[in-house]
Amino acid sequence: MSKLRVFLKYWLVIILWFALIFLASSDAKSAGRSSRIIEPIVLWLFPQASPKTVEEVVLGVRKCAHLTEYAVLALLFWRAFRKPVRNDTRPWSWRLAGAALLGVMFYAATDEVHQLFVPGRFGTLPDVLIDMTGGALGLLALWTWGRWRKRW
């Protein structure tokens, strides 16, 4: 496979995912925007919920979104490092999973630094840890799926 084809197939999608995360973290009003969607749903499901409870649920949903976006990033890194092929018989590689998690950690840290320069946003170490946890959970889910399907 040519280098251009490898780049397009495996790395371009990571760069696009980077851009999506970057754009989301560039929006100073993102918390308010997501609250306008999540809050009415919570109040519809639980009309008796206190404002504090609703605020906590909105925060929880936002953090779960972080987990999910970085789980996807970890899977994309793993795919780019492994370059899987049809009927791949190679065993699971914890080294590749570690490299994917390192990529997640690096991008999560740079994203939090980026947020330090966005008015109304804050970069925090706990958010990096949440993002890394998302990456680890994504890789754990992939490993579990592979064991269940007897891929490795």
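Heads up: the structure comes first, above all this text.
Residues numbered from 1 in each chain as written. Predicted model: local features only at pLDDT ≥ 70, side-chain atom pairs only at ≥ 80, totals over all residues. Heavy atoms only, no water.

Observations regarding the overall build of the protein
Of the regular secondary structure elements, the protein holds 5 helices and 0 strands. Start at the N end of the protein and walk to the C end: the helices and strands fall as α-α-α-α-α. Counting only C-alpha atoms, the protein reaches 55 × 35 × 25 Å along its principal axes. Relative to its 152 residues, the protein shows a buried fraction of 32%. Of the contacts made within the protein by residues no fewer than 6 positions apart, 68% connect residues no fewer than 24 positions apart. In the structure as shown, the protein presents an accessible area of about 10,000 Å², 71% of it carried by carbon and sulfur atoms. Computed over 20 positive and 10 negative side-chain charges, the inter-centroid distance for the protein is 16 Å. (Helix = DSSP H or I, 4+ residues; strand = E, 2+ residues; numbered from the N terminus. Buried < 20%, exposed > 50% of the residue type's maximum accessible area, 1.4 Å probe, protein only. Contact = heavy atoms within 4.5 Å. Areas by Shrake-Rupley, 256 points an atom, 1.4 Å probe, with all protein chains shown as cover. Lys, Arg positive; Asp, Glu negative; His and termini not counted. Charge placed at Lys NZ, Arg CZ, Asp CG, Glu CD.)

Let's talk about the nonpolar core
By size, the foremost hydrophobic cluster in this structure holds 22 residues, and its most contacted members are Y70, L73 and W78. Within the residue set of this core, elements represented by two or more residues are α1 (3-26), α3 (51-82), α4 (94-116) and α5 (125-148). Among the elements that take part in this core, α3 stands out by supplying 7 residues, more than any other. Setting aside chain neighbours within four positions, we find W78 in contact with P84, W92, L96, A97, A100, L139, L142 and W152. The next biggest cluster of nonpolar side chains, apart from the first, holds 5 residues, and it includes I38, V42, A49 and V58. (Core = buried A, V, L, I, M, F, W, Y, C linked by side-chain atoms within 4.5 Å.)

Notes on the packing of α3 against α4
Two elements in contact, α3 and α4, have axes separated by 8 Å at closest approach and are oriented at 135 degrees. Put simply, α3 runs oblique to α4. Both α3 and α4 take part in a crossing whose hand is right-handed. On α4, the residues touching Y70, L73, A74, F77, W78, F81 and R82 of α3 are L96, A97, A99, A100, G103, V104, Y107, A108 and D111. A per-class count over the contact of α3 with α4 returns 13 nonpolar, 1 polar and 2 charged. (Axes fitted to C-alpha atoms, helices over the stretch in contact; angles between N-to-C directions. Parallel < 35°, antiparallel > 145°, perpendicular 65-115°, else oblique. Left-handed = near helix turned anticlockwise from the far one by under 90°. Nonpolar A, V, L, I, M, F, W, Y, C, P; charged D, E, K, R; others polar.)

Considerations on the environment of L101
Its place among the elements puts L101 in helix α4. Counting along the chain gives 27 residues from L101 to A74, while the straight-line C-alpha distance between them is 6.1 Å. Setting aside chain neighbours within four positions, we find L101 in contact with M132, G135, A136 and L139.

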